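Okay, here's what each chain looks like letter by letter:
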Amino acid sequence: MALTFNAAWDEEGLGTVLTVLRRLKSPATFFLTGQFAERHPAAARSIATAGHGIGNHSQSHPPFGELTSSERAQEIALADQAVRRATGIQPLPFFRFPYGDTTPAQIAEVNALGYADIEWTTDTNGYKGSAAGMTVQKTVKRALDALRPGEIVQMHVGNLDGQGPVLDAQALPQIIDAIRSRGYRITDLRTLLTSVSAPPPAP
């Protein structure tokens, strides 16, 4: 299974997330918006320096269904440029639609631009925060309730409203420990996709 984080707001919680991932020797993939990379270049570089995968999450995080095809392409291109400038590396050819707002036709557009659409099998909903009734334990439970081979967990760094604790950062150690205690291996998203999609060996 794989852990992923979206970064579209502020950088709150990122330091904790990177520290936990390093301490527990766990890989993760971060989907950055171009605006996040522009506003927080040091944070974006710290993700790259830690060796985690970085994907494209659009420039400004709009609902893609409300854009034209050319506007969607521009969102992807601008984010790619911003992430490259901030991190100094070439981001993965992975794209995650804002809000999961997508259609088969839009996925085809993304593919034509050289990207794979990477969504998730469960969202912890930690980003909703305590104001919406979320807690660390509820966040952990959502990750574990959907646990199965090939699971992709979506989490977030930062605060949607700029207030309150970042529950995903607080829940991360428990999530990792619980996943491993159940016999699962947390792997790099690129490795997970390869192993899940690879054909079985010839007899």
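Parameters at a glance
- Sequence positions are assigned chain by chain, starting from 1 and proceeding in written order.
- Where local features are concerned, this predicted model is filtered to residues with pLDDT of at least 70; where side-chain atom pairs are given and counted, the filter is 80 or more; whole-chain, interface and lining totals use all residues.
- Neither water nor hydrogens contribute to the side-chain values; these are computed over all heavy atoms in the structure.
- In this description a helix means any DSSP run of H or I spanning at least four residues, a strand means any run of E spanning at least two, and both kinds are numbered starting from the N terminus.
- For this measure, only C-alpha atoms enter the radius of gyration; the expected value for a globule follows 2.2 Å times N^0.38, where N is the number of residues.
- Under the scheme applied here, a residue whose accessible area is under 20% of the maximum for its type counts as buried, over 50% as exposed, and between as partly exposed, the area being computed with a 1.4 Å probe on protein chains only.
- By the convention used here, residues are in contact when the closest approach between their heavy atoms is within 4.5 Å.
- Per-residue accessibility takes into account occlusion by the displayed protein chains alone, with areas from the Shrake-Rupley method and a 1.4 Å probe.
- Within this scheme the basic residues Lys and Arg register as positive and the acidic residues Asp and Glu register as negative, but His and the chain ends are omitted.
- Every charge is mapped to an atom, namely NZ of Lys, CZ of Arg, CG of Asp or CD of Glu.
- Two rings belonging to Phe, Tyr or Trp (six-membered ring only in the last case) form a pair when the distance between their centres is within 6.5 Å. Interplanar angles under 30 degrees mark stacking, angles over 60 mark edge-to-face geometry, and anything in between is tilted.
- For every residue, the pLDDT score states the predictor's confidence, bounded by 0 at the bottom and 100 at the top.
- Directions pointing from the helix axis toward each C-beta atom define the arc.
- Whether two strands pair depends on DSSP finding at least two bridges between them.
- Criterion for a salt bridge: a side-chain nitrogen of Lys or Arg within 4 Å of a carboxyl oxygen of Asp or Glu.

Structural notes on the overall build of the protein chain
Point 1. When helices and strands are counted, the protein chain shows eight helices and seven strands.
Point 2. Over its C-alpha trace the protein chain gives a radius of gyration of 16 Å, about what one expects of a compact globule, namely 17 Å for 203 residues.
Point 3. Overall, the protein chain is about 55 × 45 × 30 Å in size when its C-alpha atoms are taken along their principal axes.
Point 4. For the protein chain, buried positions account for 50% of its 203 residues.
Point 5. Here the contacts in the protein chain between residues at least 6 apart in sequence split such that 73% fall between residues at least 24 apart.
Point 6. For the protein chain, the accessible surface area stands at approximately 9400 Å², while carbon and sulfur atoms represent 54% of it.
Point 7. Averaging the coordinates of the 18 positive side-chain charges in the protein chain and doing the same for the 19 negative ones gives two points 9 Å apart.

Details of the packing of aromatic side chains
Point 1. Applying the stated criterion to the full structure yields six aromatic pairs.
Point 2. The interplanar angle of 40° and the centroid separation of 5.5 Å between the aromatic rings of F64 and F95 together place this pair among those described as tilted. Taken as a pair, F64 in the loop between β3 (53-56) and α4 (69-87) and F95 in strand β4 (residues 94-95) lie far apart in primary sequence, 31 residues in all.
Point 3. Among the residues examined, F95 registers a relative accessible area of 0% and is labelled buried.
Point 4. Measuring from centroid to centroid gives 4.9 Å for F95 and F97, while their planes differ by 80°, and the two rings are edge-to-face.

So, the side chain of T4
Point 1. Along the chain, T4 turns up in strand β1 (residues 2-7).
Point 2. Under the relative-accessibility criterion, T4 is labelled buried at 0%.
Point 3. Beyond its immediate stretch of four places on either side in the chain, T4 contacts T29, F31, R96, I152, V153, Q154, M155 and L189.

Focus: the confidence of the model for the protein chain
Any region with low pLDDT has predicted coordinates that should not be read closely.
Point 1. Per-residue confidence for the protein chain averages 93 on the pLDDT scale, and 96% of its residues sit at or above 70.
Point 2. pLDDT under 50 marks residues 197-203. Its contacts with residues more than four places away, or in other chains, come to zero contacts.

Observations concerning the environment of V166
Point 1. Relative to the helices and strands, V166 resides in the loop between β7 (152-157) and α7 (167-181).
Point 2. Residues V166 and G129 lie 37 residues apart in sequence; the distance between their C-alpha atoms is 7.1 Å.

Points about unusual backbone geometry
Point 1. Although it is not a glycine, Y99 adopts a positive phi angle of roughly 65°.
Point 2. For N125, which is not a glycine, the phi torsion comes out positive at approximately 65°.
Point 3. Along the chain, N125 turns up in the loop between β6 (122-123) and α6 (136-145).
Point 4. Residue N125 is classed as buried on the basis of its relative accessible area of 12%.

A word on α6
Point 1. Among all positions of α6, only V136, T139, V140, A143 and L144 are buried. For α6, the angular spread of buried residues about the axis comes to 130°, placing them on one side. Away from its buried face, by an angle of more than 90 degrees, α6 presents the exposed residues K141 and D145.

A word on the pairing of β3
Point 1. Here β3 shows two buried faces, one formed by G53 and G55 and the other by I54 and N56.
Point 2. The pairing of strand β2 (residues 29-32) with β3 spans four bridges and is classified as parallel. Residue T29 lies in a different strand from β3, and its bridge partner there is G53.

A short note on the pattern of salt bridges
Point 1. For the structure shown, the criterion picks out five salt bridges.
Point 2. Between K141 and D145 there is a salt bridge, with the nearest N and O atoms lying 2.6 Å from each other. Residue K141 and its partner D145 are located together in helix α6, separated by four residues, close to a single helical turn.
Point 3. When its relative accessible area of 54% is taken as the criterion, D145 is described as exposed.
Point 4. R190 is paired through a salt bridge with D188; the nearest N and O atoms lie 2.8 Å apart.
Point 5. Residue D188 is classed as buried on the basis of its relative accessible area of 17%.

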